[in-house]
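Secondary and tertiary structure notes
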Amino acid sequence: MASWRVYLFLVLANLFWSGNYVVGNLLAGGISPLQLTAIRWAIAAPFLVVLAVLIEKPDWRAALREWPMHLLQAAFGLIGFCLFSYQALAHTTALNAALVGATNPVLIAVVAALLIRERIRRTSSLGLVTSLVGVFLILTNGKLLEVFTTEYNVGGLWMLGAVMVWTVYTILGRTLKTGPVTSAAVQSVFAAAVLAPVTLLIGGPITLDSAGWWGVLYIGLFPSVLSLMLWNISVKKIGAGRAGIYLNLMPVFTALMALAMGTPITLVQVLGGALVIAGVWLTSRPPRTGRVAPASPIALDAESSEVGPVR
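Nothing here was measured: the structure is a model prediction, and the numbers come from that model.

**Here's the deal with the side chain of Q35**
- As for its placement among the helices and strands, Q35 is situated in helix α2 (residues 33-55).
- At a separation of 2.6 Å, a polar atom in the side chain of Q35 contacts the main-chain carbonyl oxygen of G204.
- The contacts of Q35, once residues within four sequence positions are left out, are T199, G203, G204, P205 and I206.

**Describing the environment of G272**
- Mapped onto the elements of the fold, G272 is located in helix α13 (residues 267-284).
- Measuring from C-alpha to C-alpha, the distance between G272 and V133 comes to 7.4 Å, with 139 residues separating the pair along the chain.
- Not counting the four nearest positions on each side in its chain, G272 is found in contact with G134, L137 and I138.

**Brief notes about helix α6 (residues 104-115)**
- Taking 1.5 Å of rise per residue, 12 residues should cover 16 Å, and α6 covers 16 Å from first to last C-alpha, within 8% of that figure.
- Inspection of α6 places N104, V106, I108, A109, V110, A112 and A113 among the buried residues, and these make up the whole buried set.

**Some points on the confidence of the model for the protein**
- On average, residues of the protein score 82 in pLDDT, and 85% of them reach the 70 mark or higher.
- Element-level mean pLDDT values for the protein span from 68 in helix α11 (residues 240-244) up to 95 in α2.
- Per-residue pLDDT stays below 50 along residues 290-307; that stretch engages in 38 contacts with residues further than four places along the chain or on separate chains.

**Re the environment of K177**
- Its location among the elements puts K177 in the loop between α8 (154-173) and α9 (180-202).
- Counting along the chain gives 114 residues from K177 to A63, while the straight-line C-alpha distance between them is 8.0 Å.

**Some remarks on unusual backbone geometry**
- Even without glycine at this site, K57 takes up a positive phi of about 45°.
- Structurally, the position occupied by K57 is in the loop between α2 and α3 (60-64).
- Note on K57: relative accessible area 66%, which makes it exposed.

Reading the values: rules and limits
Residues numbered from 1 in each chain as written. Predicted model: local features only at pLDDT ≥ 70, side-chain atom pairs only at ≥ 80, totals over all residues. Heavy atoms only, no water. Helix = DSSP H or I, 4+ residues; strand = E, 2+ residues; numbered from the N terminus. Polar contact = N/O pair within 3.5 Å; in protein donor to acceptor, adjacent residues only side chain to side chain. Contact = heavy atoms within 4.5 Å. Expected span 1.5 Å × (residues − 1). Buried < 20%, exposed > 50% of the residue type's maximum accessible area, 1.4 Å probe, protein only. pLDDT = per-residue confidence, 0-100.

Quick look at the structure:
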């Protein structure tokens, strides 16, 4: 039986990832998505390298032999996802972004099933449709019947792009032989190295006060390093399948943080969020027959040590 500490670690990991949405939303006016992404990985990279050494004791030469895939992963997951999500936070609330982002497990499960030519279960199909209805409620601000004529929530659309980018990142990452923490370390170094010269050339001015810089430091350490460590410790103990259920806490924590900061929560957000979470639950339910799916490098492995979302 898993220790209570494992479940505490999962709660804290999702709490810190939720904070990334809230703090990123607060910083949107003083720093560009490009600058925030670059500084985030510049802060996180050395800590992730140390974390990889302590947890996995990697063979760095073997890890670097996969450098083309690591570079591609850094482009999609660490750079692309962050740029899209921080752009989203410049145009919508932290809660809207978190609710749209919560569809990630559904899209990953469906795309993985399509790629390995497996039949999609009825509950998974129902979960996909349910989550999509929830997302469209949020994107259209509740005007679901005017889906083709209404003015869409621009930030929500950016976040939907982030979800798609992260799905590509996750599917590609299943072919890597490098350990998950070592992969994150290598990719964060690549991301920091690629982004540094680009940001210096086109980044523009940063207008953050001292509180804003504390927010940047939070993003560089808590969601990028501590959440990763806590998530991987937990997944190793109880498996990714059971740990993944806790990802549904992110919209809840984001909503509580928003309320604490005086941001009102609308009925549309409540209904949309409930549908998204219900859809994720339906998609994540194991088959009733108890049959084991055939092994595949893309299949969702409930006992893998897969890295959680780099939120």
